[in-house]
Amino acid sequence: TGPAGTFSLDEAHECANCPDGKYSAEVSSSYCSSCGLGEFSTAGSSSCTTCTAGRHAATIESSACEICVAGNYSTVGASVCSMCEGGKFSAQESAACTTCVKGKYSTASEKRGPTICSTCVAGKFADRDGLTYCSDCQQGSYSQVEASG
């Protein structure tokens, strides 16, 4: 008989560790179970570990969780990272997106979420949080850098 995290086949002389991405929760197991999406294990594991926020495991039998790149985020146990929308941003390994504040903006592309909020240039302004653009100042008015209205 072998400890949890190992298995043996019929007529085996010893127990073997379950490989990366698999686990055995029971003593004297004859097989290893696969870790699901959003979780992982290393060789010899007796259970799978859930990916933390800001990381993901996109396939079954993962040996580690991958970090979400800047402009993306994930919650606990995620199988994919989600892209931040315009008006927000995120750093690498984020659990959520952060809203751009007044005087700043961000835009997202089809393939990449915003990684920073940009400052409105002189002559333009962003008068509320979460904007994807800066507006032009009207005739007879002006703004300095980071203008919020």
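All of these numbers come straight from a predicted model, not from anything done at the bench.

What follows is about the side chain of S24. Its place among the elements puts S24 in the loop between β3 (22-23) and β4 (33-34). Looking at S24, its side chain comes within polar contact range of the main-chain oxygen of E26, at 3.3 Å. Within the structure, the side chain of S24 is placed 3.3 Å from the side chain of S29, a separation counted as a polar contact.

Residue placement: C117 occurs in the loop between β13 (104-105) and β14 (118-119). Along the chain, C117 and T98 lie 19 residues apart, while their C-alpha atoms are 9.4 Å from each other. The contact partners of C117, leaving out residues within four places of it in the chain, are F89, C100, K104, Y105 and S106.

Under the counting rule described, the total for this entry stands at seven disulfides. Disulfide pairing places C84 opposite C97 at an S-S distance of 2.0 Å. With the S-S bond torsion at -95°, the cross-link from C84 to C97 turns out left-handed. In this pair, C84 is assigned in the loop between β10 (82-83) and β11 (88-89) and C97 in the loop between β11 and β12 (98-99), connecting sequence segments 13 residues apart. The thiol of C15 is not disulfide-bonded; the next cysteine sulfur, from C18, is found 9.7 Å away. Here C137 stays free of any disulfide, with the sulfur of C120 as its closest cysteine sulfur at 9.2 Å.

Bringing the environment of C81 into the picture now. One can find C81 in the loop between β9 (72-73) and β10. Given the relative accessible area of 23%, C81 is considered partly exposed. In this structure C81 touches H56, C68, N72, Y73 and S74, once residues within four positions along its chain are discounted.

For the rest of this paragraph, the subject is the pattern of salt bridges. Inspection of the entire model under this criterion finds four salt bridges. Between K22 and E61 there is a salt bridge whose closest N-O contact spans 3.7 Å. Of this pair, K22 sits in strand β3 while E61 is found in the loop between β7 (55-56) and β8 (66-67), placing the two residues 39 residues apart along the sequence. K22 gets classed as partly exposed once you look at its relative accessible area, which sits at 23%. Between E93 and R55 there is a salt bridge, with its nearest N and O atoms 3.0 Å apart. On the criterion of sequence distance, the pair formed by E93 in the loop between β11 and β12 and R55 in strand β7 is long-range, its members being 38 residues apart. Owing to a relative accessible area of 25%, R55 belongs among the partly exposed residues under this scheme.

Next up on the list: the side chain of S94. With respect to the helices and strands, S94 occurs in the loop between β11 and β12. For S94, a relative accessible area of 11% gives the class buried. At 2.7 Å, the side chain of S94 and the backbone oxygen of A91 are in polar contact. Apart from the residues lying within four places of it in its own chain, the contact partners of S94 are G54, N72, Y73 and S74.

On to unusual backbone geometry, then. In this structure, E61 is a non-glycine residue whose phi angle is positive, near 60°. E61 sits in the partly exposed class, given a relative accessible area of 34%. Of note, the phi angle at E93 is positive, near 60°, even though the residue is not glycine.

What counts and how
Residues numbered from 1 in each chain as written. Predicted model: local features only at pLDDT ≥ 70, side-chain atom pairs only at ≥ 80, totals over all residues. Heavy atoms only, no water. Helix = DSSP H or I, 4+ residues; strand = E, 2+ residues; numbered from the N terminus. Polar contact = N/O pair within 3.5 Å; in protein donor to acceptor, adjacent residues only side chain to side chain. Contact = heavy atoms within 4.5 Å. Disulfide = S-S within 2.5 Å. Buried < 20%, exposed > 50% of the residue type's maximum accessible area, 1.4 Å probe, protein only. Salt bridge = Lys/Arg side-chain N within 4 Å of Asp/Glu carboxyl O.

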